[in-house]
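# What the coordinates show
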Amino acid sequence: MFELDIEMLKEQGLQLVDSAKKTAQDLADKGKNKLDLLNQQARLSKAQRQLGALVYSLHKAGEENPALVEKYIDAVAEVEKAIEEIKAGMTEDERAEVEAQEADAAEDAPEQEQEEEIEEEPIQLRGETKICPVCKAEVDGDALFCNHCGAQL
């Protein structure tokens, strides 16, 4: 007849549990990497918009503030570095998938090089503002630094 080997079944069960645990952990890590990457890409986009808005507002006011512009550039570089660190921690397959998604997104985006009609007045970003705690100037709600005194917000 059929004889059950309890120890063998126990060992096989433990191997299956370990395998399932490893697979679940791998999936969770991949998901976390992708989520972290998406969050950093959103931060990069926001920092780049803020830099552009700062440069535009300084130009429109006829002012220069190289130190403040440099702070924004440093903020953009910091986020770009974080993105590269996340990508470095991914497997080749994950990186290839992310790069394919980025390429698809770039193809779907409207051509940036095409000349477009520029509106007379700039579009207000979300209309949210806040007050700088240092100089009490009103600044955009998404700003990282005050565009009047340069204080970090």
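Refer to the structure presented above.
Here the structure is a predicted model, which is why all the values come from computation and not from measurement. (Residues numbered from 1 in each chain as written. Predicted model: local features only at pLDDT ≥ 70, side-chain atom pairs only at ≥ 80, totals over all residues. Heavy atoms only, no water.)

## As for the overall build of the protein
Secondary structure summary: the protein contains 3 helices and 2 strands in total. Its helices and strands taken in sequence order, the protein reads α-α-α-β-β from the N to the C terminus. For the protein, the proportion of its 153 residues judged to be buried stands at 20%. Contacts spanning at least 24 positions in sequence make up 48% of the contacts within the protein whose residues lie at least 6 apart. A total accessible area of about 12,000 Å² is found for the protein, and carbon and sulfur atoms account for 54% of it. (Helix = DSSP H or I, 4+ residues; strand = E, 2+ residues; numbered from the N terminus. Buried < 20%, exposed > 50% of the residue type's maximum accessible area, 1.4 Å probe, protein only. Contact = heavy atoms within 4.5 Å. Areas by Shrake-Rupley, 256 points an atom, 1.4 Å probe, with all protein chains shown as cover.)

## Re the environment of Leu-144
Its place among the elements puts Leu-144 in the segment after β2 (138-140). Each C-alpha atom of the pair Leu-144 and Lys-46 lies 9.5 Å from the other, and the pair is 98 residues apart in sequence. Other than its neighbours up to four places away in sequence, Leu-144 contacts Ala-47, Gln-50, Tyr-72, Ala-75, Ala-151, Gln-152 and Leu-153.

## Regarding the packing of helix α1 (residues 6-60) against helix α3 (residues 92-108)
Where α1 meets α3, the closest approach of the two axes is 12 Å, and the angle between their N-to-C directions is 35 degrees. Handedness of the crossing formed by α1 with α3: right-handed. Across from Lys-30, Asn-33, Lys-34, Leu-37 and Gln-41 in α1, the residues of α3 making contact are Glu-94, Glu-97, Val-98 and Glu-102. Broken down by class, the residue content of the contact of α1 with α3 amounts to 2 nonpolar, 2 polar and 5 charged. (Axes fitted to C-alpha atoms, helices over the stretch in contact; angles between N-to-C directions. Left-handed = near helix turned anticlockwise from the far one by under 90°. Nonpolar A, V, L, I, M, F, W, Y, C, P; charged D, E, K, R; others polar.)

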